Amino acid sequence: MDLAQNFQPAGLPIREYLLVGLTTAVLTFLFTGVVRLFALRWGAVAYPRQRDVHTVPIPRLGGLAMYLGVCGGMLLAHQLPVLRRAFDYSLDPTAILLGGGLIMVIGMLDDRFELDSLTKLAGQTTCAGILVLLGLQWIIFWVPWGGNGAGGSLLILDQNQGAILTVLLVVTMVNAINFVDGLDGLAAGVGLISSVATCAFSLHLLEQSGGDVTYYPPALIAATLAGACLGFLPHNFQPAKIFMGDSGSMLIGLMMAAASTSASGKVQSLDGTETIALLSPLLVVAAVLFVPVLDLLMAVVRRTRKGLSPFHADKMHLHHRLLEIGHSQRRAVLLIYLWAAVLAFGTVALSLFDALAVGWGIGIGLLIALVVSVVPRLRAR
């Protein structure tokens, strides 16, 4: 009887998730000041290099404060009767604490000693493996064929297929956020926008399923990540007092991939007669990852064409190009925020509102973002 009651809908726990997110933000904000002093004493300082934008030494290790904030948010959620369901019926939050903690430690070592790329890749793969071992992996995947004309079909992945797909997504997302972390507040802002969009999508799935406990963990992961990014931004927005370093960017990448996997990789109750409904989980994932992954792919193609390693650093990322066009640091960061927000929230809206109206809204938003992006170039001409 008690077990059956636990599976009954409890309404959308929006206030509880909001409380967890704000608590994570406050804790991250407070921990960041302490971590900054620790980074200075430990020598984890980013000295200006040729490819960097900053001109003075700035401490790193912001990821440590973000992880501590996430731990505090998870602890609070465990004490709330409604959100405890995320822990009672899933190991996803535990996987985040273990995998996220390990990848944060690897990032801390890189922030201090600058590890080589192969060592970091091995560490990232290990952390992704921890998620898989604890059951956080893709189970359902949409393909555009089959389905008797219903707009594609859903594939049921076995353990090996789901594990490979999850590891690839985690490693790609971790490196994508690492690549995009080049301007003050950029990675934290993109992480905030993406996690809020993922949390909104997870809450939609929770409502649509009538309170299925499957969708409590992704909303919790996204809420704590949003809080960590929000709490870190006041310290990191231009001019930054501290950088998140690899400890923060890799943690954001892992949690974003985990939240997307936990939400979209287990969707089983979508109406197969609606193409948009079928596509919406993967569209959310693609929109959330679009800006950082596009930057990553452009960097890999650019470097391999020159005969360089894909991990060879340069000054040709999207944010560098915006600076070249004539935007200031703050304006370049806000523009990338705009691109990410239009794509992420627009795609989530496809699951909630009329697809045609949302499509027009996304198109207008992208047009505005494009025009604002090229204004300095037009002025110069």
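Residues numbered from 1 in each chain as written. Predicted model: local features only at pLDDT ≥ 70, side-chain atom pairs only at ≥ 80, totals over all residues. Heavy atoms only, no water.

### What about the environment of arginine 85?
Okay, so step 1: Along the chain, arginine 85 turns up in helix α4 (residues 85-88).
Okay, so step 2: Through-space distance from the C-alpha of arginine 85 to that of proline 217 is 8.2 Å; in sequence the pair is 132 residues apart. (Helix = DSSP H or I, 4+ residues; strand = E, 2+ residues; numbered from the N terminus.)

### Re the nonpolar core
Okay, so step 1: Core analysis: the biggest nonpolar cluster contains 86 residues, and Tyr17, Met66, Ile96, Leu220, Ile252, Leu254 and Met255 have the highest contact counts within it.
Okay, so step 2: Sequence-distant contacts of leucine 254, defined by excluding residues within four places in its chain, comprise Ile96, Gly99, Gly100, Ile103, Cys127, Leu131, Val170 and Val174.
Okay, so step 3: By size, the runner-up hydrophobic cluster in this structure holds five residues, among which are Ala349, Leu350, Val358 and Ile362. (Core = buried A, V, L, I, M, F, W, Y, C linked by side-chain atoms within 4.5 Å. Buried < 20%, exposed > 50% of the residue type's maximum accessible area, 1.4 Å probe, protein only. Contact = heavy atoms within 4.5 Å.)

### Observations regarding the packing of helix α3 (residues 62-79) against helix α9 (residues 216-236)
Okay, so step 1: Interaxial distance between α3 and α9 falls to 9 Å at its minimum, and their mutual angle equals 135 degrees. If you check the angle between α3 and α9, you find them oblique. The interaxial crossing formed by α3 with α9 has right-handed handedness. Taken together, the residues of α9 that come into contact with α3 (itself represented by Gly62, Met66, Val70, Gly73, Met74 and Ala77) are Leu220, Ile221, Thr224, Ala228, Cys229 and Phe232.
Okay, so step 2: Residues belonging to the contact of α3 with α9 are distributed by class as follows: nine nonpolar, three polar and no charged. (Axes fitted to C-alpha atoms, helices over the stretch in contact; angles between N-to-C directions. Parallel < 35°, antiparallel > 145°, perpendicular 65-115°, else oblique. Left-handed = near helix turned anticlockwise from the far one by under 90°. Nonpolar A, V, L, I, M, F, W, Y, C, P; charged D, E, K, R; others polar.)

### Focus on the side chain of aspartate 246
Okay, so step 1: Residue position: aspartate 246 is located in helix α10 (residues 245-264).
Okay, so step 2: Take aspartate 246: its relative accessible area is 11%, and that puts it in the buried class.
Okay, so step 3: Look past the residues within four positions of aspartate 246 in its chain and what remains in contact with it is Gly107, Asp110, Asp111, Lys120, Asn178 and Leu251.

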